[in-house]
Amino acid sequence: AQKITQTQPGMFVQEKEAVTLDCTYDTSDPSYGLFWYKQPSSGEMIFLIYQGSYDQQNATEGRYSLNFQKARKSANLVISASQLGDSAMYFCAMREGTGGSEKLVFGKGTKLTVNP
Amino acid sequence: GAGVSQSPSNKVTEKGKDVELRCDPISGHTALYWYRQSLGQGLEFLIYFQGNSAPDKSGLPSDRFSAERTGGSVSTLTIQRTQQEDSAVYLCASSLEREDTQYFGPGTRLTVL
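Described below are features of the structure shown in this document. (Residues numbered from 1 in each chain as written. Chains lettered and ligands numbered in written order. Predicted model: local features only at pLDDT ≥ 70, side-chain atom pairs only at ≥ 80, totals over all residues. Heavy atoms only, no water.)

**Brief notes about the overall build of chain B**
What counts here: Secondary structure counts use DSSP, requiring at least four H or I residues in a row for a helix and at least two E residues in a row for a strand, with both numbered from the N terminus. For a compact globule the rule gives 2.2 Å times the number of residues to the power 0.38, and the radius of gyration it is set against comes from C-alpha atoms. When accessible area is computed with a 1.4 Å probe and restricted to protein chains, residues below 20% of their type maximum are described as buried, those above 50% as exposed, and intermediate ones as partly exposed. Two residues form a contact once any of their heavy atoms are found within 4.5 Å. Only the protein chains shown count as cover for residues, and the accessible areas themselves come from Shrake-Rupley with a 1.4 Å probe. We score Asp and Glu as negative and Lys and Arg as positive, and we do not count His or the chain ends. Lysine's charge is taken at NZ, arginine's at CZ, aspartate's at CG and glutamate's at CD.
Scanning chain B for helices and strands turns up zero helices and 10 strands. The linear arrangement of helices and strands in chain B, starting from the amino end, is β-β-β-β-β-β-β-β-β-β. For 113 residues, the compact-globule formula gives about 13 Å, and the C-alpha radius of gyration of chain B, at 13 Å, lands near that figure. With the principal axes as the frame, chain B shows a C-alpha extent of 35 × 30 × 25 Å. Classification of the 113 residues of chain B by burial places 48% in the buried group. Once local pairs closer than 6 in sequence are excluded, the contacts in chain B between residues at least 24 apart make up 55%. Accessible surface for chain B amounts to roughly 5500 Å². Of this, 44% is attributable to carbon and sulfur atoms. Measuring between centres, the 11 positive side-chain charges of chain B sit 5 Å from its 13 negative side-chain charges.

**Here we look at the sheet that holds strand β1 (residues 5–7) of chain B**
All names here are of chain B. Inclusion rule: Here, a strand pair is defined by DSSP locating no fewer than two bridges between the strands. Note on geometry: axes are lines fitted to C-alpha atoms, helical ones only across the stretch in contact, with angles between N-to-C directions running from 0 to 180 degrees.
Ordered in space as β1-β3-β7-β6, the four strands form an open sheet in which the pairing is antiparallel. Bordering the open sheet on either side are β1 and β6 (65–69), each of which pairs with just one other strand. Across the sheet, the mean angle from the axis of one strand to that of its neighbour is 15°, orientation sign disregarded. By the bridge criterion, five bridges tie strand β3 (residues 19–24) to strand β7 (residues 75–79) in an arrangement that is antiparallel. When the sheet's bridge partners are listed, E20 is paired in β7 with T78.

**Some points on the packing of aromatic side chains**
Just so we agree on the cut-off: Here a Phe, Tyr or Trp ring, Trp counted by its six-membered ring, pairs with any other such ring whose centre lies within 6.5 Å, and the pair is stacked when the planes are under 30 degrees apart, edge-to-face when over 60, and tilted otherwise. Distance and angle both matter: a charge sits over a ring if NZ of Lys or CZ of Arg is within 6 Å of the ring centre and within 35 degrees of the ring normal.
Under the defined criterion, the tally for this structure stands at 15 aromatic pairs over all chains. Between B:Y35 and B:F104 the ring centres are 5.5 Å apart and the planes differ by 40°, which places this aromatic pair in the tilted class. Taken as a pair, B:Y35 in strand β4 (residues 31–38) and B:F104 in strand β9 (residues 103–104) lie far apart in primary sequence, 69 residues in all. Here the two residues B:Y35 and B:F104 agree in accessibility, since each one is buried. Ring pairs connect the aromatic residues A:F35, A:Y37, A:F47, A:Y50, A:F91, A:F106, B:Y33, B:Y35, B:F45, B:Y48, B:Y103 and B:F104, which therefore count as one cluster. Directly above the aromatic system of A:Y64 lies the positively charged group of A:R63, at a separation of 5.7 Å from the ring centroid.

**Focus: the environment of A:Q56**
Turning to its location among the elements, A:Q56 is positioned in the loop between β6 (46–52) and β7 (60–61). Placed 12 residues apart in sequence, A:Q56 and A:F68 show a C-alpha to C-alpha distance of 9.5 Å.

**Let's talk about the pattern of salt bridges**
Opposite charge on two side chains permits pairing when their charged atoms draw close. Residue and element names in this part refer to chain B. What counts here: The salt bridge criterion pairs a side-chain nitrogen of Lys or Arg with a carboxyl oxygen of Asp or Glu, the two atoms within 4 Å.
This structure, assessed with the given rule, holds six salt bridges over all chains. For E14, the salt bridge identified is with K17, shortest N-O distance 3.8 Å. By relative accessible area, K17 is classed as partly exposed at 44%. A salt bridge links R22 to D24, with the nearest nitrogen and oxygen atoms 2.9 Å apart. Classification of D24 as partly exposed rests on a relative accessible area of 22%.

**Focus on the nonpolar core**
Residues and elements named next belong to chain A. Rules: Take the buried residues of types Ala, Val, Leu, Ile, Met, Phe, Trp, Tyr and Cys, join any two whose side-chain atoms come within 4.5 Å, and each joined set is a nonpolar core.
Y25, W36, I49, L77 and Y90 are the most contacted members of the largest nonpolar core, which totals 24 residues. Mapped onto this core, the elements with two or more residues apiece are β3 (19–21), β5 (32–39), β6, β8 (64–69), β9 (74–79), β10 (88–96) and β12 (110–115). Residue contributions to this core peak at four residues, all from β10.

**Description of the interface of chain A and chain B**
Much of the literature gives interface size as the accessible area that the parts lose upon coming together. Heads up, the condition is: Two parts placed together each lose some accessible area; with a 1.4 Å probe, that loss summed over both constitutes the buried area. Ten residue types, Ala, Val, Leu, Ile, Met, Phe, Trp, Tyr, Cys and Pro, are classed as nonpolar, four, Asp, Glu, Lys and Arg, as charged, and the remainder, Gly among them, as polar.
Tallying the contact residues gives 17 residues for chain A and 16 residues for chain B. Between chain A and chain B the total buried area reaches about 1500 Å² when both faces are included, carbon and sulfur atoms providing 55% of it. Considering only the surface of chain A that becomes buried against chain B, A:M45, A:E102 and A:F106 emerge as the three largest contributors, covering 31% of it. Our count for the contact surface shared by chain A and chain B stands at zero salt bridges. Elements with a contribution of two residues or more to the side of chain A that touches chain B: β5 and β10 of chain A. Classifying every residue of the side of chain A that touches chain B by side-chain character gives seven nonpolar, six polar and four charged.

In short, the description is geometric, and any link to function would need to be established separately.
Next comes the structure, spelled out in C-alpha cells:
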C-alpha cells in the first residue's frame, strides 16, 4: 500500500490566489514527521515545511502552511498568494518512527502551474 | 553557507561500465542519504549513513550498487556494470542529526546508453 498518496497529478492556480495540495499518509507508528519539498524544473529539491506527529499546531513558513488533520491522516500544503515562481513539482514525504533509518518516503508529486 | 554539492551534474556512460557519483554534505551534518529519482519509480531511498554507525543499505536495488562515506563527510555512490534501468537522477541529502530536516543537493543525472 502507498504510504504517501498525492491524488492530484496536476493543479492550476491564478497568480495571487491560494492553492491547496493534497497529501494523505499511512502509518501505524505514533511518531512520524511530514515534509513538503518543492522541485522546480531545474531539479533541486527545496525544503518547504515540516510537521511532527506530536505538534499541536499546524506548521507555517511564510506563504506556506500545513493543514494537519491527524485523525484523517492528511497533511495538505496551502500556498497563499501564489506567485509565478511557485510553478514546480511538489512532493509530500514522511519519515517514520525513531531508532532506525530516517529515510523519507515520498509521494508521486503534484505539478503546480501558476497562471498570470 | 554552502549547501549539499554533487558531482558530476551529468554523466553519460555505456552499458556495462562502472560509475562513481560524489556527494559533499553540508559541513557539520552527521547524516547523509542517497535517493534515486526515475520516471517510473518516483523518489526511492537507497542508503543512509549516520556518524560511525553501520549504514542502512536496505534501499540498494542490487549488489551492483555500493556506497561509502569517508571521514564522516564526503560520500561516493558506485554503480558497477551499469544497466539502462540505472538511468535516473541520483540525489544526495544531509541532515544535522538523524531526525532533522534533510537538505538535498542538485543531483547527478545518469544516462546509461
